[in-house]
Amino acid sequence: MDTMFAILAGLFVAAAVFLLLSRSLLRMLLGLLLLGNGVNLLILVAGRLTRIVPPILPPDGALAAAATANPLPQALILTAIVIGFALFTFLLVLAVRAYETLGADDTDAMRLAEPPPPPPSLGY
Amino acid sequence: MQQAPILLAAWLVILPVILPLLGGAALLMARRHGRFHLAIAGTVGLAVAIVDGALLWRVVATGPVSMTMGRWLPPFGISFTADATGALFALAGAVVTLVVLAYTAMDVEESRDGGAFPAMTLLLLAGVSGAFLTGDLFNLYVWFELILIASFGLLVFGGAPLALDGAVKYAVINFTATTLFLTALGLLYGALGTLNMADIFGAAPRASPAIMASVAALLATAFGIKAAAFPVNAWLPASYHTPAAAVSALLGGLLTKVGVYALLRTLMLLPASRDFLHPVIIAVAAATLVLAPLAATAETNLRRAIGYLLIGGIGSVVAGIAMPDALGTAGAVVYVVHAMLTISALYLVAGLVERRTGATDTRRMGGLYAASPTLSVLFLLLIAGIAGLPPFLGFWPKLLLLEAGAARSGLAGTATRPLDLGAAGLTICLLLNALLTLIAGARLWSHIFWRAGPEDDPSEHPARPLQAFAAREKWFGMGAVTSLAGIILLAGLWPNPLIEAGRAAAASLLDLRAYVAATGLAAPP
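Since we're looking at a predicted model, the values are computed, not measured. (Residues numbered from 1 in each chain as written. Chains lettered and ligands numbered in written order. Predicted model: local features only at pLDDT ≥ 70, side-chain atom pairs only at ≥ 80, totals over all residues. Heavy atoms only, no water.)

Caption draft 1: Spotlight on the overall build of chain B. Along chain B, the regular secondary structure elements total 21 helices and two strands. For chain B, the C-alpha radius of gyration of 22 Å lies close to 24 Å, the compact-globule estimate for 525 residues. By principal-axis analysis of the C-alpha atoms, chain B measures approximately 70 × 65 × 40 Å. Here chain B displays about 18,900 Å² of accessible surface, and carbon together with sulfur accounts for 69% of that area. Seen as two clouds, the 28 positive and the 24 negative side-chain charges of chain B have centres 3 Å apart. (Helix = DSSP H or I, 4+ residues; strand = E, 2+ residues; numbered from the N terminus. Rg over C-alpha atoms; globule rule 2.2 N^0.38 Å. Areas by Shrake-Rupley, 256 points an atom, 1.4 Å probe, with all protein chains shown as cover. Lys, Arg positive; Asp, Glu negative; His and termini not counted. Charge placed at Lys NZ, Arg CZ, Asp CG, Glu CD.)

Here it is as structure tokens:
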């Protein structure tokens with residue numbers, strides 16, 4: 001099962017890279033979203049996949065480590081999801097504002113901060 | 001489970017984070033009553049600086065201090081561990097924030113919604129202090145995200161089209177970089193089962209070197225983007241000149257330094273992987289050192305040119321990481337402190353220059369020397385500091401780095417060993433960087449201040465006549481910049497305390513036994 005999940009995470013990241021290489025800002029943002037989800041899957045796989053065994057200690061305290069779900073990756077992923085969601089929301093609003101203000105979704109057309117250099121003079 | 005009560009002194013480690021977080025939250029809640037926000041933020045900043053100073057004094061005197069929260073022992077609980085490196089950087093960051101807050105006081109009467117700026121600045125300071133003082137890699141990720149959110153807010157403040165354009169590029173690349181960092185964390189957790197920095201140092205030698213090397217490469221890429229080292233630096237000159245000058249100073253002084261600190265810290269935790277990446281680090285350092293000041297020479301936008309000078313400084317720090325001995329690491333640490341102070345001061349001076357000339361492009365500036373000798377002397381002093389001319393602050397870390405390079409390469413002293421080409425190349429690149437930075441800076445200075453007036457610009461926007469400073473601009477703007485320049489000058493003339501702190505920091509980075517012992521974990525073999 002780990003291998004399947006690892007391949008799935010890889011597919012997520014591959015799709016994210018494909019979208020990130022686009023010039024359209026909206027597609028780049030979707031790529032970032034996919035990238036975040038792929039990485040979250042990766043953390044889940046990294047922290048041992050098991051069948052449904054809750055990480056709750058029995059009263060005598062002893063529990064075989066390999067048979068139990070690992071709660072820490074889930075805590076890490078939850079934190080990453082919350083933070084990623086907040087940042088992604090901001091990025092979406094920023095993209096809309098940039099589209100309204102600059103009139104462009106194409107990053108090649110956003111040249112306000114980096115104006116292209118003036119053409120070299122042709123005469124002497 | 002941790003039972004012993006936490007020592008009162010250990011609270012020093014987390015106060016630099018708690019104070020600005022609470023202050024920022026309070027200011028955000030009171031944003032409709034924006035009268036004393038700047039004064040409150042300044043008080044909090046001053047308190048943070050005092051706490052950081054006390055922490056540094058304690059850490060240099062008695063070794064690293066650690067505090068673990070939530071009654072869970074490390075490696076499970078989140079530790080805050082301050083060594084001399086983190087405490088020194090946190091202190092420099094608090095000083096920069098304080099000066100920038102004083103600088104923005106000159107605009108407080110004009111700005112209509114100034115209420116959010118001090119709060120955002122405090123949250124940024126909280127993130128920066130947290131990143132410097134935390135002892136847990138996942139916690140470092142959280143502080144990076146807090147820094148990102150605060151810096152987004154600062155960048156788009158006011159919503160000018162130029163700032164939005166810069167913010168789009170800054171936001172997308174930095175979000176990608178933190179996601180790369182998270183990827184490295186996932187792999188690291190899978191390989192070691194821990195994310196506590198002290199524990200990673202002990203566990204890393206037992207893991208597969210191939211996995212550790214790929215983790216280190218991912219971390220180096222993520223932090224390289226954050227620090228704007230050469231192949232991944234294009235976002236910085238595209239965004240840092242777009243917001244107000246005070247925000248440029250804050251971001252330029254603090255954020256790239258957090259990235260380079262994270263690079264230094266994580267590579268020192270994984271010495272075997274650092275050695276594996278050694279050729280890459282040397283190549284990145286050499287390219288950054290030479291190419292960035294060349295780009296600054298070709299640039300006419302004042303703050304974009306300063307951005308390139310900033311990137312050149314990052315090259316010096318990476319050069320220190322490429323020479324991980326007592327001299328090289330001390331040089332890198334002292335250089336970071338120097339760059340934090342000097343780059344911020346330079347951005348603030350650039351803001352004042354832009355106010356007086358009403359232009360952002362050096363082609364439309366000129367003749368400022370006669371109008372404002374103080375400003376021109378300040379600019380010249382800071383340029384000399386960045387280039388590393390002898391009596392100024394920038395000279396001392398460069399000297400340490402050059403000594404390290406000369407000793408390693410066999411260029412100096414008893415040359416019984418064969419010549420180390422990497423270290424020799426770095427030494428030459430460091431010297432070349434000083435020369436090129438001086439050329440770029442002197443070119444900026446002579447264009448802005450020395451020549452009689454703007455060159456004949458064929459554009460449709462004629463240069464505006466020089467503006468006089470209002471009283472508030474004179475007191476708060478010039479006052480803040482002059483006091484920061486004074487700190488830089490004094491630290492350059494009496495560099496011994498800073499160099500001693502840098503040596504202590506290098507010792508704690510190179511020998512992590514005291515760091516591990518402070519967290520309460522068993523010492524590695």
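Still more to cover.
Caption draft 2: Structural context of unusual backbone geometry. Look at A228(B): it is not a glycine, yet its phi comes out positive at around 65°. Structurally, A228(B) can be placed in the loop between α8 (209-227) and α9 (235-239).

Caption draft 3: Quick look at the interface of chain B and chain A. On the chain A side, the residues contacting the 34 residues of chain B number 35 residues. For the pairing of chain B and chain A, the buried interface totals around 2,900 Å² over both sides, and the portion due to carbon and sulfur atoms is 82%. Between chain B and chain A we count one salt bridge in total. Linking E114(A) and R304(B) is a salt bridge whose minimum nitrogen-to-oxygen distance equals 3.7 Å. (Contact = heavy atoms within 4.5 Å. Buried area = accessible area lost by both parts, 1.4 Å probe. Salt bridge = Lys/Arg side-chain N within 4 Å of Asp/Glu carboxyl O.)

Caption draft 4: The arrangement of helix α3 (residues 71-102) of chain A in detail. When the terminal C-alpha atoms of α3(A) are compared, their 45 Å separation across 32 residues agrees well with the 46 Å that a helix rising 1.5 Å per residue should span. Within α3(A), burial applies to P73(A), L76(A), I77(A), A80(A), I83(A), G84(A), L87(A), F88(A), L91(A), L94(A), A95(A) and A98(A). Turning to α3(A), the residues buried within the fold contact α2 (25-46) of chain A together with α5 (137-155) and α6 (161-192) of chain B. Two residues or fewer after α3(A) comes G103(A), characterised by a positive phi angle close to 65°. (Expected span 1.5 Å × (residues − 1). Buried < 20%, exposed > 50% of the residue type's maximum accessible area, 1.4 Å probe, protein only.)

Caption draft 5: Here's a closer look at the environment of I439(B). Within the element layout of this structure, I439(B) appears in helix α18 (residues 421-450). With 214 residues separating them in the primary sequence, I439(B) and I225(B) have C-alpha atoms 27 Å apart.

Caption draft 6: Region of the structure containing a nonpolar patch on the surface. Residue and element names in this part refer to chain A. A cluster of nonpolar side chains, namely I7, L8 and L11, defines an oily patch on the protein surface of about 280 Å² accessible area. By the element assignment, L8 lies in helix α1 (residues 2-20). You can call L8 partly exposed: its relative accessible area is 36%. (Patch = residues over 30% accessible without salt bridge, like charges linked within 9 Å, V, L, I, M, F, W, Y side chains within 5 Å.)

Caption draft 7: Highlighting the environment of P390(B). All names here are of chain B. Here P390 is to be found in the loop between α16 (373-387) and α17 (395-409). Classification of P390 by relative accessible area gives partly exposed; the value is 46%. Taking the C-alpha atoms as reference, P390 lies 9.6 Å from L493; in sequence the two are 103 residues apart. The contacts of P390, once residues within four sequence positions are left out, are F395 and W396.

Caption draft 8: How the structure looks around the pairing of strand β2 (residues 79-82) of chain B. Residue and element names in this part refer to chain B. Residues of β2 alternate between two faces, with S79 and T81 on one and F80 and A82 on the opposite face, all of them buried. Both strand β1 (residues 65-68) and β2 contribute to a ladder of four bridges, which runs antiparallel. From the neighbouring strand, V65 faces β2, where its bridge partner is A82. (Pairing = 2+ DSSP bridges.)

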